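Structural characterization, general
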Amino acid sequence: KMFKTGLSVEAIASRRNLVTSTIYGHLATAIEAGESIDLAQFFSTSEMELISAAFAKCGFGNLNGVHQMLGAKHDFGALRVYRAAQGRPRATGSV
């Protein structure tokens, strides 16, 4: 709910005394449960194209590979949100 009001992941984490990975996890879970979130709130169009290509090459279960391929530029949590928004299930044992 806080995210939908326009607060950033960092602001929500600060207000709730949580780490950003927890907030990203909640967002990914909400997306998987049917909530819609605009990925443009996290990534530019060019970033989404690069992330899409990295997932296509590494596979949707390989967050670590995608993270490395993108030069560790994006938080793992943000990549989880991207993956959830693309409707891909989490792979067992994925990061």
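What you see is a predicted model, and the numbers here were worked out from it, not measured in a lab.

Digging into the nonpolar core
One finds Leu27, Phe42 and Val81 to be the most contacted residues of the largest nonpolar core, which totals 26 residues. Of all the secondary-structure elements, those providing two or more residues to this core are helix H1 (9-16), helix H2 (20-32), helix H3 (45-58), helix H4 (63-69) and helix H5 (76-85). Excluding anything up to four places from it in sequence, Phe42 contacts Phe3, Val9, Tyr24, Leu27, Ile37, Glu47 and Val81.

What about the environment of Gly77?
The residue Gly77 is located in helix H5 in this model. The exposure class of Gly77 is buried, given its relative accessible area of 2%. Along the backbone, Gly77 and Tyr24 are 53 residues apart, and their C-alpha atoms lie at a distance of 4.9 Å.

Things to note about the layout of surface pockets
Reported here for the largest pocket is a volume of approximately 260 Å³. Taken together, Lys1, Met2, Phe3, Lys4, Ile12, Arg16, Ile23, His26, Leu27, Ala30, Glu35 and Ile37 make up the lining of the largest pocket. Secondary structure elements with two or more residues in the lining of the largest pocket: H1 and H2. Of all the elements, H2 adds the most residues to the lining of the largest pocket, at four residues.

Structural notes on the pattern of salt bridges
Tallied over the full model, the rule gives two salt bridges. When the shortest N-O distance is used, the salt bridge between Glu35 and Lys4 registers 3.7 Å. Taken together, the residues span a long stretch of sequence, with Glu35 in the loop between H2 and H3 and Lys4 in the segment before H1 at a distance of 31 residues. We classify Lys4 as exposed; its relative accessible area is 54%. A salt bridge links Glu47 to Lys73; the shortest N-O distance between them is 3.6 Å. In this pair, Glu47 sits in helix H3 while Lys73 sits in the loop between H4 and H5, placing the two residues 26 residues apart along the sequence. Under the relative-accessibility criterion, Lys73 is labelled exposed at 58%.

About the criteria used
Residues numbered from 1 in each chain as written. Predicted model: local features only at pLDDT ≥ 70, side-chain atom pairs only at ≥ 80, totals over all residues. Heavy atoms only, no water. Core = buried A, V, L, I, M, F, W, Y, C linked by side-chain atoms within 4.5 Å. Buried < 20%, exposed > 50% of the residue type's maximum accessible area, 1.4 Å probe, protein only. Helix = DSSP H or I, 4+ residues; strand = E, 2+ residues; numbered from the N terminus. Contact = heavy atoms within 4.5 Å. 1 Å grid on protein atoms, 1.4 Å probe; cavity = no way out; pocket = protein on both sides within 12 Å on 5 of 7 lines; lining within 4 Å. Points joined across faces, edges and corners; volume = space filled by probe spheres on them. Salt bridge = Lys/Arg side-chain N within 4 Å of Asp/Glu carboxyl O.

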